[in-house]
Amino acid sequence: RKAAKKAKKAARRAQREGRGAADVGQKTCDMCGKSVNLLVRCMYEQGQTDWRMICGKCWNVASGGIVDGDANHPHYRYGGLWKNRRKQT
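All of the points below concern the structure found in this document. If you're wondering where the values come from, they're calculated on a predicted model, not measured in any experiment.

Calculation notes
- Residues numbered from 1 in each chain as written.
- Predicted model: local features only at pLDDT ≥ 70, side-chain atom pairs only at ≥ 80, totals over all residues.
- Heavy atoms only, no water.
- Patch = residues over 30% accessible without salt bridge, like charges linked within 9 Å, V, L, I, M, F, W, Y side chains within 5 Å.
- Areas by Shrake-Rupley, 256 points an atom, 1.4 Å probe, with all protein chains shown as cover.
- Salt bridge = Lys/Arg side-chain N within 4 Å of Asp/Glu carboxyl O.
- Lys, Arg positive; Asp, Glu negative; His and termini not counted.
- Charge placed at Lys NZ, Arg CZ, Asp CG, Glu CD.
- Helix = DSSP H or I, 4+ residues; strand = E, 2+ residues; numbered from the N terminus.
- Pairing = 2+ DSSP bridges.
- Axes fitted to C-alpha atoms, helices over the stretch in contact; angles between N-to-C directions.
- Buried < 20%, exposed > 50% of the residue type's maximum accessible area, 1.4 Å probe, protein only.
- Contact = heavy atoms within 4.5 Å.
- Expected span 1.5 Å × (residues − 1).

On the surface, a cluster of positive charge is made up of Arg1, Lys2, Lys5, Lys6, Lys8, Lys9, Arg12, Arg13 and Arg16. Inspection of the secondary structure assignment puts Lys5 in helix α1 (residues 2-16).

Across the sheet, which stays open at both edges, the three strands sit in the order β4-β3-β5 with antiparallel pairing between neighbours. Here the strands that pair on one side only, and so sit at the sheet edges, are β4 (52-54) and β5 (77-83). Direction aside, neighbouring strands of the sheet carry axes that sit 30 degrees apart on average. The pairing of strand β3 (residues 38-43) with β4 spans three bridges and is antiparallel.

To continue, consider the side chain of Ser63. Within the secondary structure, Ser63 is located in helix α2 (residues 56-63). Judged by its relative accessible area of 0%, Ser63 is buried. Ignoring sequence-local partners within four residues, the contact set of Ser63 consists of Gly69, Asp70, His73 and Tyr76.

Once that is clear, we can look at the environment of Arg1. With respect to the secondary-structure elements, Arg1 resides in the segment before α1. You can call Arg1 exposed: its relative accessible area is 92%. In the structure, Arg1 is positioned 10 residues away from Ala11 in sequence and 16 Å away in space, judged by C-alpha atoms.

Okay, α1 next. End to end, α1 covers 21 Å across 15 residues, agreeing with the expected 21 Å (1.5 Å per residue, within 8%). Phi turns positive one or two residues past the end of α1, at Gly18, with a value near 85 degrees.

Here you go:
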């Protein structure tokens, strides 16, 4: 029990000092399912009422690579960015 507690404490310390696992705090893209550190919150389908979190590659598909969309993507709406603040450097 004591060893498990020490291991957990060491893992938290490593995370705090920037030596932890690289995938800590990542979220998955709603289109492709890939875990990333930066997601774009947007709506991109006709009749869509809920916001989707998509990665940069999928964002190019959803918006055409243009922040406010274009004629080919009339239902695209930008809603902000999510950044992983616990990202390991």
